[in-house]
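# Tertiary structure, described
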Amino acid sequence: MLEEGQEGVVVAITPRARSFSLGSGFWGSFSRRFRWGWRRRGAAWGAVKRLADLGILAGTRIKVVRKAPFRGPIEIEVGGSRFMIGRGLAERILVEVKPVGSQPSLG
Amino acid sequence: MEASRASAKRGQRPDLRIALAGQANVGKSVIFNQLTGLHQHIANWPGTTVEKAEGTLFYKGFLIDVIDLPGIYSLTHYSLEERISREYIAKEKPDVVVNVVDATALERHLIFTLQLLELGRPLVLALNMMDLANKSGIEIDVRALEEILGIPVVETIAPRGKGVIQILDEAIELHRKSLTPKAPSYGKEVEECIRRLEQALADADLPYPRRWTAIKLLEKDEEVWRIVEEKKPDVIPLARDLISELEKVHGHDSSIAIANERASLASQITRRVVRIVKPRKPSLGDRFDELATHPILGYLIAILFFLGVFSLVFGVGGQVAEFFEEDLSEALREIWVNLFGVSALPEIGWSAVEGTLFLLGLAIPYILPLYFLTFTLENWGYLSRISFLMDSLMHRAGVHGKAVIPLLLGFGCNVPGCLAARIMDTWRERLIAMIMATLIPCSAVTVVVMGLVGRYVGVEWVIILYIFALLTSFLTGVAASRILPGEAVELIMEMPSYKVPSFKTILVMTWLRLREYFYIAAPLIILSGVIIKLLELSGALPIISDLLSPITSGWLGLPKEVGILLIFGILRKELILAMLASLTGTLDFSQVLSTNQMITLSLVTMLYIPCVATISTLVKEAGMRTATLVTVFEIALAIMVGGAVSRLLLIFGIS
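Computed from a predicted model, the values in this text were never measured in an experiment. (Residues numbered from 1 in each chain as written. Chains lettered and ligands numbered in written order. Predicted model: local features only at pLDDT ≥ 70, side-chain atom pairs only at ≥ 80, totals over all residues. Heavy atoms only, no water.)

### Brief notes about the packing of helix α1 (residues 28–36) of chain B against helix α21 (residues 503–537) of chain B
Residues and elements named next belong to chain B. Selection rule: Axis definition: a line fit to C-alpha positions, over the contact stretch in the case of helices; interaxial angles, taken between N-to-C directions, run 0 to 180 degrees. Only DSSP runs of H or I reaching four residues or more are called helices, and only runs of E reaching two or more are called strands; each is numbered from the N terminus. For classification purposes, angles smaller than 35 degrees are called roughly parallel, those larger than 145 roughly antiparallel, those between 65 and 115 roughly perpendicular, and all remaining angles oblique. The contact criterion used throughout is that any non-hydrogen atoms of two residues lie within 4.5 Å. Each residue gets one of three labels, nonpolar for Ala, Val, Leu, Ile, Met, Phe, Trp, Tyr, Cys and Pro, charged for Asp, Glu, Lys and Arg, and polar for the others, Gly among them.
Taken N-terminus to C-terminus, the directions of α1 and α21 make an angle of 80°; their axes are 9 Å apart at the nearest point. Of the possible angle classes, the one that applies to α1 and α21 is roughly perpendicular. In contact with V30, N33 and Q34 of α1, α21 contributes K504, T505 and V508. The class makeup of the residues in the contact of α1 with α21 is two nonpolar, three polar and one charged.

Next comes the structure, spelled out in structure tokens:
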């Protein structure tokens, strides 16, 4: 679980909560591949797509600004702007902590 | 601003149609208001409750029609707003699209700009919030950006109107030359897929641009997929092949692969045009945010703001309302009686006047300042902090943090509360927020509760009743979220930085909302006033109260006359108090009602039915069936809870 003020790089956004994620854990070295059903995607899918539209994808550098009390949303900083993301969704964003500056660009 | 506003007659064809597109919180509506002023009208997009703001102006001999598209983050099929925007741009083909972006977060906004470029309409990029960008040390090479994107770029500072005229100049210029932009090109594999699909689609008759259709096929966009299946089904197998190929290469779902392409292109462009000259320092806003989102202080600050707004609204508003309902009403009544005398027909006419006065007495002192203050807090950026704090609680009712805004407005009047539910993302959440808002005790209910329980029983009971009402609203939300199909949506919302509120925008928004309120509430309030007067004159009221007596006196333990009060209360709840006085002939209600009866009556008033104005809002926003269901549910709830509480109080010795 990233603490307030900690930065990380998104590894993957999973359809279901896992124990290691932005919300509740620390993701190690590799990302598992997920196959979504052909054209049958639930609410979880919409959220992943929306995050992608905001520029939150695998490889994006994210900073946790703060967490709302009572397991409320998490405030994150991405590319100069800030978003709040519900805790349930935040827990599905798997991140890897890297030292600042070594993140290769998207491509 | 120098552009003169058109007093355009409806129906006159505009010479130029401009659509404003952009993400939420970029100052798009501020630019819209700068352009059109009060020459705008707000309607809904056909068949939806999504707002469509349209305005006209006259500039350089052009009659220009400006359409403010909903604030969205992308052009997928995901939300209603996105569908509306893209259908509008692709099918209605506005002459020029103006993409308003936030200069302080250019990279993220460029992702959306690239999507607009794919749609192939002439595009002007408005780099808004240049002042904030400069202040935080961001320098943007505008010429380079123009060159890379191949479209005109204008620097703007919307609240000061800076750059707004240039947007028009560029738009007219583009229109004259009828320049369409070059579509952005992505990575090699993706481009190859797009090219092959485009070729396959060459002779298809599509409502969308071909390249865009190809990209959307790769993104598995449901709508585009359906259209292609219909118009050119032989492309589908090719699309499937290309998608699985793409997914093999990229290791992601194909739509994510395309999103990645856009993101990486946006980041490349940003690296070439943006220079950060000094690092970001924590601003005053950041420091205030520490407090505003603090686990303890945050809630205290929210409560302080809340109390501040309501003491302002009720303290000042109460005085003004009194003027409308007493002084002005009495003066007009005298004139009316002198003119027409006291007989049946003028009395019916008078009830219409009374209804109008009531409406003014509600709108001007309560709803106007409530809207004004809420919009100020929103424009400043504070309201999203409340959503941040309340999300966890609201989630239990199946909605997310944004729902606090309709509920807050509901305390003033349920009508704006229900209307504000439009901000929710999905239909399901909109409905839950609306139902919850109708159970929030509004200012009219407060008058009754304070006048009965507050005056004769004690403030602690008022607080208990309020907590009870809020709990009812919350539990109803929980129940509704269990019953309604669909899944709860997670909160994804921008946390805007604090801005100096733009009062012009706030005033325009307040005025437009107030006008909408009148349109919705006025006909029903006036009409139902007349109907009730007719019932009174025809002597039907005692019959009705007899009919209701098994419920009112039998089950709820209230005097029989309460039946009449409750009928009047449907019209406007604070009439319950006024009618009680006139029916019993006394202002000392403790002579006619026991403590138990006062508490029960107040409780029933809080819950028993949304008033006519709220019902008509529900009909308009959610349809007849939902409005009827909600009304029936609330009547049943009030009867059940009222009777139960009355008996419970008796057990505790309160009679």
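### Side note on the pairing of strand β1 (residues 7–13) of chain A
Residue and element names in this part refer to chain A. Applied cut-off: For each residue, the accessible area found with a 1.4 Å probe, counting protein chains only, is set against the maximum for its type, and the residue is called buried under 20%, exposed over 50%, and partly exposed in between. Pairing between strands is defined by DSSP: at least two bridges between the two strands are required.
Summarising burial for β1: six of the seven residues are buried, a large majority. In terms of strand pairing, β1 meets strand β2 (residues 61–67) through three bridges, oriented antiparallel. What sits directly across from E7, in β2, is K63. By the bridge criterion, four bridges tie β1 to strand β5 (residues 93–96) in an arrangement that is antiparallel. Within β5, the position partnered with V9 by the bridge is E96.

### Quick look at the interface of chain B and chain A
The cut-off we apply is this: A 1.4 Å probe defines the accessible area here, and the buried area is the portion of it lost by two parts on being joined, summed over both. Salt bridges, as used here, are contacts in which a Lys or Arg side-chain nitrogen is within 4 Å of a carboxyl oxygen on Asp or Glu.
Across the contact, 47 residues belong to chain B and 43 residues belong to chain A. Taking both sides of the interface into account, the surface hidden between chain B and chain A amounts to around 4,200 Å²; carbon and sulfur atoms contribute 58%. Of all residues in chain B, F388(B), E490(B) and I492(B) give up the largest surface area on contact with chain A, accounting jointly for 17% of the area buried on that side. Linking chain B with chain A are three salt bridges. Residues R66(A) and D289(B) are paired through a salt bridge, measuring 3.6 Å at the closest nitrogen-oxygen approach.

### Remarks on empty space enclosed by the protein
Residues and elements named next belong to chain B. Rule in force here: Think of a 1 Å grid over just the protein atoms. A cavity is a set of points where a 1.4 Å probe fits yet cannot get out, a pocket is an open set with protein on both sides within 12 Å along at least five of seven lines, and lining residues have an atom within 4 Å of a point. Grid points are joined across faces, edges and corners, and a volume is the space filled by probe spheres set on the points.
Per the stated rule, a full pass over the model turns up two cavities of 30 Å³ or more. Approximately 110 Å³ is the volume attributed to the largest cavity. Contributing to the lining of the largest cavity are 15 residues, with F358, L362, C413, A444 and C611 lying nearest its centre. Listing elements by their share of the lining of the largest cavity, those giving two or more residues are α14 (344–380), α17 (414–420), α21 and α26 (612–622). Here the residues of the lining of the largest cavity are counted per class, giving eleven nonpolar, two polar and two charged.

### Side note on the environment of F62(B)
Secondary-structure assignment places F62(B) in strand β4 (residues 62–68). In the structure, F62(B) is positioned 416 residues away from V478(B) in sequence and 53 Å away in space, judged by C-alpha atoms.

### Looking at the confidence of the model for chain A
Residue and element names in this part refer to chain A. In plain terms, the rule: On a range of 0 to 100, pLDDT expresses the predictor's confidence in each residue.
Of the residues in chain A, 60% reach a pLDDT of 70 or more, and the chain-wide mean stands at 65. Mean pLDDT across the elements of chain A bottoms out in helix α1 (residues 43–53) (69) and peaks in strand β3 (residues 74–78) (88). Counting interchain partners and residues more than four positions distant, the pLDDT-below-50 stretch residues 100–107 has 14 contacts.

### Concerning a nonpolar patch on the surface
All names here are of chain B. Note the following rule: Patch definition: residues with relative accessible area over 30% and no salt bridge; like charges joined within 9 Å; nonpolar side chains (Val, Leu, Ile, Met, Phe, Trp, Tyr) joined within 5 Å. Calculation of accessible area relied on Shrake-Rupley with a 1.4 Å probe; when residues are assessed, cover is drawn exclusively from the protein chains displayed.
A surface patch of nonpolar side chains, amounting to about 360 Å² of accessible area, comprises L291, I296, L297 and L300. Take I296: it is sitting in the loop between α12 (284–292) and α13 (297–340). We classify I296 as exposed; its relative accessible area is 57%.

### With respect to the state of the cysteines
Among covalent bonds in proteins, the disulfide is the one between the sulfur atoms of two cysteines. Residue and element names in this part refer to chain B. Put simply, the rule is: Any cysteine sulfur atom paired with another within 2.5 Å is treated as part of a disulfide.
If you walk through the whole model with that rule in mind, you get zero disulfides over all chains. Counting only cysteine sulfurs, C413 is the nearest neighbor of C442, a cysteine outside any disulfide, at a range of 6.1 Å. Judged by relative accessible area, which is 11%, C442 ranks as buried.

### Quick word on the sheet that holds β2(A)
Taking strand neighbours across the sheet as the criterion, the six strands line up as β5(A)-β1(A)-β2(A)-β3(A)-β4(A)-β10(B) in an open arrangement whose pairing is antiparallel. Each edge of the open sheet is held by one strand with a lone partner, namely β5 of chain A together with β10 (492–494) of chain B. Along the sheet, successive strands turn relative to each other by an average axial angle of 40°, direction set aside. Here helix α15 (residues 383–396) of chain B sits on the sheet in contact with β2, β3 and β4 (81–85) of chain A together with β10 of chain B, set at roughly 150° to β10(B).

### Here we look at a negative patch on the surface
Threshold: By the counting rule applied here, Lys and Arg register as positive and Asp and Glu as negative, while His and the ends of each chain are not counted. Every charge is mapped to an atom, namely NZ of Lys, CZ of Arg, CG of Asp or CD of Glu.
Taken together, the side chains of E322(B), E325(B), E326(B), D327(B), E330(B) and E334(B) present a region of like negative charge at the surface. Residue placement: E322(B) occurs in helix α13.

### As for the confidence of the model for chain B
Residues and elements named next belong to chain B. Looking at chain B, the pLDDT average stands at 85 and 96% of residues meet or exceed 70. Per-element mean pLDDT across chain B ranges from 71 in strand β2 (residues 40–44) up to 95 in strand β8 (residues 153–155). Below a pLDDT of 50 lies the segment residues 1–10, which in the model reaches 26 contacts outside its immediate sequence neighbourhood of four places, other chains included. Both scores are given for the predicted complex: the pTM is 0.78, the ipTM 0.72.

### A short note on the environment of I236(B)
Residue and element names in this part refer to chain B. Checked against the element boundaries, I236 lands in helix α10 (residues 235–250). It is 61 Å that separates the C-alpha atoms of I236 and L603, two residues lying 367 residues apart in sequence. Ignoring any residue separated from it by four or fewer positions in sequence, one finds I236 in contact with W225, V228 and E229.

### A word on helix α5 (residues 142–149) of chain B
Residue and element names in this part refer to chain B. Just so we agree on the cut-off: Arc, as used here, means the arc of the directions from the helix axis to the C-beta atoms. Between N or O atoms, a polar contact is any pair within 3.5 Å; within protein, one atom must be a potential hydrogen donor and the other a potential acceptor, and residues adjacent in sequence are included only when both atoms are from side chains.
For α5, the set of buried residues is V142, L145 and L149. Down the axis of α5, the sector holding all buried residues measures 60°, keeping them to one side. Every exposed residue of α5 that faces more than 90 degrees away from the buried side is listed here: R143 and E147. Put simply, D141 is the residue that caps the front of α5, since its side-chain oxygen is 3.4 Å from the backbone nitrogen of R143. Following α5 by one or two positions, G150 has its phi on the positive side, about 75°.

### What to know about the nonpolar core
Heads up, the condition is: The nonpolar core is taken to be a set of buried Ala, Val, Leu, Ile, Met, Phe, Trp, Tyr and Cys residues, with the residues joined through side-chain atoms within 4.5 Å.
Judged by nonpolar contacts, the single largest core of 108 residues is most densely connected at I367(B), Y382(B), L452(B), V453(B), Y517(B), L601(B) and M606(B). By residue number, the principal contributor to this core is α14(B), which donates eleven residues. Other than its neighbours up to four places away in sequence, L601(B) contacts L452(B), L558(B), V562(B), L566(B), I576(B) and L593(B). Counting residues in hydrophobic clusters, the runner-up holds 88 residues, among them V48(A), V97(B), Y208(B) and A214(B).

### A few points about the packing of aromatic side chains
Residues and elements named next belong to chain B. What counts is decided by this rule: Each aromatic pair joins two rings of Phe, Tyr and Trp (for Trp, the six-membered one) with centres within 6.5 Å, and gets the label stacked for planes under 30 degrees apart, edge-to-face for over 60, and tilted for any other angle.
Scanning the entire structure with this criterion turns up 19 aromatic pairs over all chains. Seen from their ring centres, W336 and W350 are 5.9 Å apart, and the 50° between their planes marks the pair as tilted. A residue pair is termed long-range when its members are at least 10 positions apart, and W336 in helix α13 and W350 in helix α14 qualify at 14 residues. In terms of burial, W336 and W350 fall into one category: buried. An angle of 5° between the planes, with centres 5.6 Å apart, marks the rings of Y371 and F375 as stacked.

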